[in-house]
Amino acid sequence: MVHRGNGIFEHTKWKNLRVGDIIKVEKNEYFPADLVLLSSSYDEGICYVETTNLDGETNLKLKQALEVTSHLNQDSMVKKFRAVIRCEDPNANLYTFVGSLDLGGQQYSLSAQQLLLRESKLQNTDYIYGVCIFTGHDTKVIQNSVGPPSKRSKIERRTDKIVFLLFLLLIIMSIVGSSYFGAVTSGDLVYDDARMARWYLRPDYTAIYYDPRRAAFAGILHFFTAVMLYGNLIPISLYVSIEIVKVLQSVFINKDIHMYYEEGDKPAQARTSNLNEELGQVDTILSDKTGTLTCNSMEFVKCSIAGTKYGRVVTEVERAMARRKRLTIAEFKSEENFQERQPTTKGYNFVDERITDGKWVNEPRADIIQKFFQVLAICHTVMPERDETGSMLYEAEYPDELAFVVAARELGFEFYERTQSSISVREFDCSSGTKVERTYELLNIIEFSSSRKRMSVIVRNEEGKILLFCKGADSVMFERLACNGREFERQTREHVLEFAEAGLRTLILAYCEVNEDEYTEFDKALTEAKNSVSANREKLVEEVADSFERNLILLGATAVEDRLQNGVPECIDKLSQAGIKLWVLTGDKMETAINIGYACSLLREGMRQIVISSETNGEKALEKLSSNSGIHKALKASVMQQIREGKELLNLSSESSEALALIIDGKSLTYALEDDVKDMFLELSIGCASVICCRSSPKQKALDSAITDVSILQVARLVKTGTGATTLAIGDGANDVGMLQEADIGVGISGFEGMQAVMASDIAIAQFRFLERLLLVHGHWCYRRISSMICYFFYKNIVFSFTLFYYDAYASFSGGPAYNDWYIPLYNVCFTALPVIALGVLDQDVSAQLCLEFPLIYQEGVQNILFGWKRILCWTLNGILNATTIFYFCIFSLETQAFRGDGQVVGFEILGATLYTCVVCVVNAQMALAINYFTYIQHLLIWGSILYWYVFLLAFGALDPLISTTAYKVLTEACAPSGSFWLVTLLVSISSLLPYFIYAALWIEFFPLYHQRTELMKATGQLNDPEFCDLVRQRPLTTRTVGYTARFGGLLHRNSMAG
């Protein structure tokens, strides 16, 4: 509703809104334009916004109006409101906003906290009032609107090339026929028309199409006739059939109960059907870590306070470390004094009797512990609310903030109320020994940003002291400590390193007391920076905050765990056995990334690691002594040298069965992606089974080279274009969209971070583990089905078109068709269409269980064995051979022999019907030979198509001769009563199919493909022999295509056999 004056609001269309309009938006409505929030139904001027349509995140965002406008919460109060807003020009940045509000001669700064974006939704708030600042195409969501890239599979692109080659073949056949026709026609009249070579054609009195006097023109006309006559060589209906098949394949993917996530009620979703077969050819997977491999649900598990480490829960990475040390979990727990516990509260999985249940007051440094818990309870932007049962619920923008607030509550410091100017906490008072309610005056919040890597809250306690609470990354926090605030620095650094090695995300907590004058000066500078209406306002604010966030006193560090999703290690291991390379892009430190790699089976015991790092002692010394250009050259030279050493190791390992893993940090990756290095880096990386890129921040996943040095999009593009192999990117967040769109296939995780990645993806799944079945089962099946379907489609069209060509040549290229005019268009529509669709939808070379048991079957798609040029050529030659056999067998057996009981030989109509019958029988029987997995549907469609031809011939031949023409009663009166017709059809079918049958039998016997070996094992009962199965699993299709586990198992088997 838009304000029309005097406090009256009226409904209007979005397109009628203008900049400066005051509008009212009610609960569950979408914002029609970009708005500056004035007030809401809450007294504090807050509102909750769902931004799923913008960034894909489902967690509600808290927005808060300026205090000076928050009282405008009724229609009547708006009528006298007058103000001037100055802001930035329209742009595509969703996360920043620079502006100011001039009200009553006073200027107030506006930020993204007051910005409500179009297409976001108002939630948990009855209504809001706002001012339109950008409308229509100027809104940020429209500025960000870009069309998704068009993706086509490699098989589809190769199909286009084959169609083009068939078109060239069609032109060549037409040219050959028309040239011959023109040459022969020109000789029909000789010696000034006194002699006729083919007198029975009456060349002296004929139409222009056969006029010997204008033979060249007749030849040109014949060319166009031939193009239309052999036109079935171009499989136009193939594309329609492929689309039908792909849609049905997508339905099977969507309905697969094994890829249904019951907890979130989310099935798999094939958002496009263009790339089904591409799922069976994936060579490299690029994966995000947080939310993709992990649950993106943080749990507070450990902490370091006053130099003492607390928390005894065993993390998943520590379990992996125990396996690497050859320890049982019991031994590992005994060694590290850890415990196991299933979390009972979301976000909290902390066990340590020293500080739980209020026992922290007995610790030596209880004062530091109290301050630590206060920082957890106060330094955040979380909003509390109570549900219908009275339980306290928290609405957090970031999952780790939620974990901190929940941990503080469980440890005795309950955050329960927030207003614009205060934060209230129930906390334990050491002096009285009871819980008290304390309210802290909220002075400022300096929010977290990727450049600051920290956030701060400035409050005034009940005693009047001003406190600065700060939390942030260790890389920026330790340098801000005061000289007298470093008492626990050494122990805390050690603990942070231990936490990182355990796969935990860490933050440093610190505080300081601020005197009144110092704060007043800071507040004035901060207000001036915020009121600056310029592009560098954010930078000005950061500079002011940077100078103030100094001389901190260290309290300790937090450690939260983002658990791996169920089934991730098993899935990665299976994909590795299938020969698929996996790249993981993570923002963790190298040590953390390596340990997580072990936990999720990306790295395995016995794997040789190639580590490329810029953090060696030599480089650190260089950075202190040299200029920027010198540093750049030295680091680049170091990276190149490490890559060369890695390639040497790669060459040595190619002679053995060991697998390699490459770990590279972000700075090194910057140099590795430069033009003169990237080819060498690519050669190294594609030889490794696993690649981990560390310290890849969210901004590094978007193509924004002006802000960052390393772009993960460059990685995706390098792998995609450099290798020519199929790449698959998988991610769950809005920051992964660029990577998903750049890769050949984008798979979105429809988890709890929103739907933006899903909306930009080609396939959506709920859990990473479903990728195993999506690729190894559905991917392999779809690749095989589409490949076989296309090859068969070309084959059947070649058979049909070449019989027409042979008949045209037999008739001196006169341009006459061998078949009735109705037979030709119905060939691809009625008599051969449905079996090929059934092949594309239902055929299976091996069962789903065997696809998962023997992952190497997947390599048939990666190496494109089933749709290579050799296989396509074989199907083409098979089609030409079948057409030759059919035509000449029929001609030689029927040309001069009595066909009817009265001794008559065959006529044009009988020969055409016999030829057509043989073609229909042969191509459908060929389908029966090519199919691996028979169901009643295949039987019905294959044999039903042959039967349908006879029914059609019977029914069509019964129509009036003006309609049926040459087909009039050709079956009932000519073909059916003749034994020659049935005998020729049978012998021609056997003769045509026998070469393929012999070839297929010899191939399976002496050169079986991997899936054929598996089927033979199943047929002979060898699947029950585990040792034989291991031997088959470790036998690679080519060198260096199998994962470590399979190779290691095979190596153990060979050793045991040798022993």
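Chains are numbered independently. Their residues run from 1 in the order of the written sequence. Only residues with pLDDT of 70 or above have their local features reported here, since the model is predicted, and side-chain atom pairs are shown and tallied only from 80 upward, although totals for entire chains, interfaces and linings are computed over all residues. With hydrogens and water stripped out, all remaining heavy atoms of the structure feed into the side-chain values.

- As annotated in an unreviewed UniProt entry, the chain carries the name Phospholipid-transporting ATPase and comes from Carnegiea gigantea.
- UniProt positions are given in the numbering used here, feature names are shortened, and annotations may be inferred rather than shown by experiment. Here is the UniProt Cofactor (unreviewed entry) comment for the chain, exactly as written: "Mg(2+)".
- For the chain, the Sequence similarities (unreviewed entry) comment in UniProt is given as "Belongs to the cation transport ATPase (P-type) (TC 3.A.3) family. Type IV subfamily."

1. Focus: the packing of aromatic side chains
Point 1. Any two of the Phe, Tyr and Trp rings considered here, Trp counted by its six-membered ring, make a pair once their centres fall within 6.5 Å; the pair's planes then place it as stacked at under 30 degrees, edge-to-face at over 60, or tilted in between. Across all of its chains, the model carries 50 aromatic pairs by this definition.
Point 2. On the numbers, 4.1 Å between centres and 10° between planes, the contact of Phe-800 with Tyr-827 is stacked. In this pair, Phe-800 sits in helix α24 (residues 770–810) while Tyr-827 sits in helix α25 (residues 823–831), placing the two residues 27 residues apart along the sequence. For the pair formed by Phe-800 and Tyr-827, the shared burial category is buried.
Point 3. A ring pair is formed by Trp-875 and Tyr-996, whose centres lie 5.9 Å apart and whose planes are at 40°; its orientation type is tilted. Highlighted residues: Trp-875 in helix α29 (residues 869–894) and Tyr-996 in helix α34 (residues 979–1006), separated in sequence by 121 residues.
Point 4. Ring-pair connections join several aromatic residues into one group, and the members of that group are Tyr-180, Tyr-230, Phe-802, Phe-805, Tyr-806, Tyr-807, Tyr-810, Phe-813, Phe-887, Tyr-888, Phe-892 and Phe-908. Put simply, DSSP marks the helices as runs of H or I at least four residues long and the strands as runs of E at least two long, and each gets a number from the N terminus on. Exposure is judged per residue with a 1.4 Å probe applied to protein chains only, and the accessible area is read against the type maximum: over 50% gives exposed, under 20% gives buried, and values in between give partly exposed.

2. A few points about the sheet that holds strand β7 (residues 84–87)
Point 1. Paired strands are those between which DSSP finds at least two bridges. The 3 strands are arranged β7-β8-β9 in an open sheet whose pairing can be described as antiparallel. Here the strands that pair on one side only, and so sit at the sheet edges, are β7 and β9 (106–110). The average undirected angle you get between the axes of adjacent strands in this sheet is 20°.
Point 2. Pairing geometry for β7 and strand β8 (residues 99–103), over 4 bridges, is antiparallel. Bridge pairing in β8 places Val-84 opposite Asp-102.
Point 3. The strands touched by helix α13 (residues 516–531) within the sheet are β8 and β9, with β9 carrying the most contacts at an inclination of about 75°. Between N-to-C directions, angles cover 0 to 180 degrees, with each direction set by a line fitted to C-alpha atoms, over the stretch in contact for helices. Residue contacts are defined here by distance: any two heavy atoms, one from each residue, within 4.5 Å place the two residues in contact.

3. Side note on helix α9 (residues 366–378)
For an α-helix, the turn length of 3.6 residues means that residues three or four places apart are oriented alike.
Point 1. With 13 residues, α9 extends 18 Å between its outermost C-alpha atoms, agreeing within 8% with the 18 Å of an ideal straight helix rising 1.5 Å per residue.
Point 2. Counting buried positions along α9 gives 11 out of 13 residues, so the element sits mostly inside the fold.
Point 3. Those residues of α9 that fall on the buried side of the exposure criterion are Ala-366, Ile-368, Ile-369, Gln-370, Phe-372, Phe-373, Gln-374, Val-375, Leu-376, Ala-377 and Ile-378. A helix's residues, less one, multiplied by 1.5 Å, set its expected span.

4. Overview of the environment of Cys-921
Point 1. Tracing the backbone shows Cys-921 in helix α30 (residues 908–930).
Point 2. Judged by relative accessible area, which is 10%, Cys-921 ranks as buried.
Point 3. Along the primary structure Cys-921 and Thr-832 are separated by 89 residues, whereas in three dimensions their C-alpha atoms are 9.8 Å apart.

5. Considering the pattern of salt bridges
Point 1. Salt bridge criterion: a side-chain nitrogen from Lys or Arg within 4 Å of a carboxyl oxygen from Asp or Glu. This structure, assessed with the given rule, holds 44 salt bridges.
Point 2. The partner of Arg-118 in a salt bridge is Glu-119, with the nearest N and O atoms 4.0 Å apart.
Point 3. With a shortest N-O distance of 3.2 Å, Arg-550 and Asp-546 are connected by a salt bridge.
Point 4. One continuous salt-bridge network, built from bridges that share partners, spans Arg-452, Arg-454, Arg-480, Asp-546, Glu-549 and Arg-550.

6. Thoughts on unusual backbone geometry
Point 1. Despite not being glycine, Ala-306 shows a phi value in the positive range, around 55°.
Point 2. You can see Ala-306 is positioned in the loop between β17 (294–305) and β18 (308–310).
Point 3. A relative accessible area of 11% places Ala-306 in the buried class.

7. Some points on the side chain of Lys-24
Point 1. Assignment of secondary structure puts Lys-24 in strand β3 (residues 22–26).
Point 2. Side-chain polar atoms of Lys-24 contact the side chain of Asp-75, separated by 3.4 Å.
Point 3. Residues within four places of Lys-24 in sequence aside, it is in contact with Met-1, Phe-9, Asp-75, Tyr-127, Ile-128 and Tyr-129. A 3.5 Å cut-off defines polar contacts: any pair of N or O atoms within that distance qualifies, except that in protein one atom must be a possible hydrogen donor and the other a possible acceptor, and neighbouring residues in sequence count only when both atoms are side-chain atoms.

8. Here's the deal with the UniProt feature "binding site: Mg(2+)" (unreviewed entry) in the chain
Point 1. According to UniProt, the feature "binding site: Mg(2+)" (unreviewed entry) maps to Asp-288, Thr-290, Asp-732 and Asp-736 in the numbering used here. These annotated residues cover 449 residues of sequence, and their C-alpha atoms all fall within 10.7 Å of one another, placing them together at a single site.
Point 2. Under the relative-accessibility criterion, Thr-290 is labelled partly exposed at 22%.
Point 3. If near-sequence neighbours (up to four positions away) are discounted, Thr-290 is found in contact with Asn-296, Arg-505, Asp-562 and Asp-732.

9. What about the layout of surface pockets?
Point 1. Cavities and pockets were defined on a 1 Å grid built over protein atoms only: a cavity is a set of grid points that admits a 1.4 Å probe from which the probe cannot escape, a pocket is an open set flanked by protein on both sides within 12 Å along at least five of seven lines, and lining residues are those with an atom within 4 Å of any such point. Grid points are joined across faces, edges and corners, and a volume is the space filled by probe spheres set on the points. Roughly 1200 Å³ of internal volume is contained in the second largest pocket.
Point 2. Contributing to the lining of the second largest pocket are 41 residues, with Arg-871, Tyr-999, Ala-1000, Trp-1003 and Gln-1012 lying nearest its centre.
Point 3. When contributions to the lining of the second largest pocket are tallied by element, the ones reaching two or more residues are α24, α29, α30, α34 and α35 (1010–1020).
Point 4. If you tally residues by element for the lining of the second largest pocket, the top one is α34, at 8 residues.

10. As for the sheet that holds strand β5 (residues 46–50)
Point 1. The 3 strands are arranged β6-β5-β11 in an open sheet whose pairing can be described as antiparallel. Each edge of the open sheet carries a strand with a single partner, namely β6 (61–64) and β11 (121–123). Averaged over all neighbouring strand pairs, the angle between strand axes comes to 45°, with direction disregarded.

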